[in-house]
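Chain and residue survey
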Amino acid sequence: MKEEIVIEVENLRVDFENVVACKNVNFKVYKGEIFGLVGPNGAGKTTTLKVLSTLLKYTWGKIKIFGYDIEKDFKEIRKIVGFMPDFPPVYNELKVWEFLYLYASSYRIEKEKRMSRIEALLNTFNLFEKRNSFIGELSRGMKQRLILAKTLIHDPEILLLDEPASGLDPTGRKELGEMLKKIGKSGKTVIISSHILTELADFCTSVGIMEKGEILLYGKIDEISGIPKDKTLIRLRIKENIDLKEILGDYQKIEKIEKIEGNCWKILIKGDENSIPELIKFVTDKGISIVEIKKEKEDIQTIYFKSGAKYVT
Amino acid sequence: MLLELPLYNAFKRIQLRPTRFITTLVLTLFVLIFITFILWFDTYQKYPLYTEIFFKNFGRNFSYIMIILQFLTLTLLGTATVESRVRLDTTSGIISFHKLTPLSPHNLIWGYILGSTFEIYISWSIFFIFGFLGVPLKGIPFYKYLFSSFLIVLSSIFFHIFALMNSLGRPLIYAGRGSILSSSFFFVIIIISFFHKLDIGFLTPFPSLFGILQEKNRIFLNSYYSILNVPFFYFYIPPFVYSLILWISFGSIFYFSSKRRIIYEENPFFSKKESIFLLCIICFLVIGRITGILNLNPDFSFVEKSPSIETKAEFYIFLSKIIILFSSIILLLMTFPRRLDLIRQFIRKKRGEKIFWWENEASSLIINFLILIISVFSIFIIDTYVSLTGLLKSCWLENILRILIFISSMLFFNFLIEGCRLKFEKGADNISGLIIVFWFLLIPVSYIIYALNVENPKLLFMSFSPLPFLIFTGKPSAEIRNSAFLCLIITNLILFLTFLFWKKAKIDFGEKYG
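Residues numbered from 1 in each chain as written. Chains lettered and ligands numbered in written order. Predicted model: local features only at pLDDT ≥ 70, side-chain atom pairs only at ≥ 80, totals over all residues. Heavy atoms only, no water.

Counting residues at the interface gives 41 residues for chain A and 40 residues for chain B. A buried area of about 3,800 Å², summed over both sides, lies between chain A and chain B, and 57% of it is on carbon and sulfur atoms. For the pair chain A and chain B, the number of links is two salt bridges. We note a salt bridge from Arg-17 of chain B to Glu-98 of chain A, for which the minimum N-O separation is 2.4 Å. Summed over the shared surface of chain A and chain B, the result is six residue pairs in polar contact (both at pLDDT 80 or more). For the side of chain A that touches chain B, the secondary structure elements donating two or more residues are helix H2 (74-80), helix H3 (96-106), helix H4 (111-124) and helix H5 (140-151) of chain A. Looking at the side of chain A that touches chain B element by element, the count peaks at eight residues for H3 of chain A. In the side of chain A that touches chain B, the residues fall into 20 nonpolar, four polar and 17 charged. (Contact = heavy atoms within 4.5 Å. Buried area = accessible area lost by both parts, 1.4 Å probe. Salt bridge = Lys/Arg side-chain N within 4 Å of Asp/Glu carboxyl O. Polar contact = N/O pair within 3.5 Å; in protein donor to acceptor, adjacent residues only side chain to side chain. Helix = DSSP H or I, 4+ residues; strand = E, 2+ residues; numbered from the N terminus. Nonpolar A, V, L, I, M, F, W, Y, C, P; charged D, E, K, R; others polar.)

Here it is in structure tokens:
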């Protein structure tokens, strides 16, 4: 089945007074994807997200969101996009529910439905008990969750999250990660930017590597990971300290084999997942004890360096 | 839906928190009591035994001080508040959240202007209400006080819009915290300019207030204090009319600039169109003033003695009409992009594309439309009645001109209805309706004051008509009646066509979104 393109960016260029923030940015995001925009600080991630959220005018290029031209139909786009900036801007003098109420009424949610919508979001983001607290009294993590709740208040089709985990402690990051996984499962399209690679590794289905205002590489993780579709990468840990390369030399389906560390090996075999039992049988028949076997996919970090990016933060 | 301004409600909530509200109230009352006491004490020191003089001076000074306090709170403090709120929101980035909502720019602008100054308005209301005490205490007359306060509100709105435009997209980190009060410095400049007789001083309500609050003076022109009047083209005009022209013309440009700039983060201060508009207005004002000064040769000692500068009622009516038309043209221009946008939406709908529509905004269409229909019908009925009673002068050319103007006015209002309807249909708010109400309220109020001022109760009925082109004193004649009938038929026809148009639009509306 053909996947629906939700966001299409062609030759995007954004000029500020003396700086070219983005140039020749091209990428596509499909419906239901969680697209990670990775790059160091100053790579142009925030600028790209701001342009996509219609907040920033671009110098040239062509951007379509759900078929809408971003320049002409920005009002329609604003109705289907939720944007979360890196630092949570809030009104500290408002109570938690009042803040959400402000946006519920701004997004023209019917009066009768506003409170139920707010309560549902407060429950989802574990903020229900804090509903009557002033925002100024909340921790950074809670504020971040509140903003995420606010971003979802009008049930947008697309979420643009700019460094959502910045400034959060490990617990806050974990919580936020779980929330994002939940959102991802609900079928929404998410673009999430970060300069911390591990932050995105768990839940991104596709990725775009950005540096100095340019997209170096983008696509689905499976596609750009370097593992061809008809091959499978396996991580194998054995008990014996032997040279597996020599033993598996006569196994015809082996494409590539290399030692990672100790008794752990990385093996690329022909065929899909169904080829794994056959390999296990071949190895055990040779009298080798398997401690652990796992289908591997290339992580964002490897992809990042493979893309030619030089600057890591 | 008429007052559904989410930002205003949120700011109101903040400012109505008990501690903050009570502090505002206590501070305001403290200032009030303190000033009253000082005034009473001062007057008592001067006139302890003369009751008549005591009350006269106390009442007058009390009214003056209440007017000054109104200016200080609403105009000065209010402007600084709007500026600081917008700058703070720009700095924190929360303004971007508001931009991303489907709220129209008008909604955001008025949300900021009215919301951030909510507590300022509370203080202002207290000063305003207490200021009425000066009336029974032989202070300034009731209508003069009311009109003065009204002018302060108008000037405040102008400065609030200016502050909003000035602060949009300018966070504190770039401009420095001191610049929160940049609008206040602007005030100082224009107040100084006023004392140096520069036109920029007319942006404050002071020139108008000086004219209005003079003893023996009327709100409109008079020969006693004509030094305060403004020579403009071939007439002397009262300072408040000149101030109104400045507020409306510059205020609308500032408003358009804010409206445009509140949508995006990066935008120039004035667009090309706005710059041209600004230039045109400046040219108009400069030419008007220079022509006025050259033609009228304002040798003030001579002017003061001359009764010939007593301008007739017709001139003020004509001037008011120009102001109405001017603001209506601005409204029409405002609706034009929306009209084009709607055409685009129609084309897309025909192609079968998905159109997003916020259905729950539909209710304000009725309010908006009702206001317009009532207004237009009122104009039509009253003006026709007046023309039929034959109060026109018997000059053919003049009559034809008047009829032409009348028809064009009616046509214009039809356009206005259509524009507002289209504007609303796109899902925008109903600010245009509010502006119209404002003008339909302001102008009649001016007429009432004029009628009271010239002590001519016959003129009071003028106040019911915002379009009193036909209200002139003169003898009735058969020709005039004929003209009036012709006028009646034509305007009826136009109204009927507008009605058909509206009906068709309603059907389209139902088909599209029903």
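To continue, consider the nonpolar core. Residues Leu-52 and Phe-99 of chain A are the most contacted members of the largest nonpolar core, which totals 153 residues. Among the elements that line this core, the one with the most residues is helix H7 (residues 142-167) of chain B, at 13 residues. Not counting residues up to four positions away in its chain, the partners in contact with Leu-52 of chain A are Ile-7, Val-9, Phe-27, Ile-63, Ile-65, Ile-70, Ile-77, Leu-160 and Ile-191 of chain A. The next biggest cluster of nonpolar side chains, apart from the first, holds 16 residues, and it includes Leu-236, Leu-244, Tyr-251 and Val-283 of chain A. (Core = buried A, V, L, I, M, F, W, Y, C linked by side-chain atoms within 4.5 Å. Buried < 20%, exposed > 50% of the residue type's maximum accessible area, 1.4 Å probe, protein only.)

Take the side chain of Gln-15 of chain B next. All names here are of chain B. Position of Gln-15 among the secondary structure elements: in helix H1 (residues 6-15). Given a relative accessible area of 4%, Gln-15 falls into the buried group. Within the local environment of Gln-15, its side chain forms a polar contact with the backbone oxygen of Ser-116, the two atoms lying 3.4 Å apart. Discounting chain neighbours no more than four positions away, the residues touching Gln-15 are Arg-20, Phe-21, Gly-115, Ser-116, Thr-117, Phe-118 and Glu-119.

These results come straight from atomic positions and should not be treated as a statement about function.
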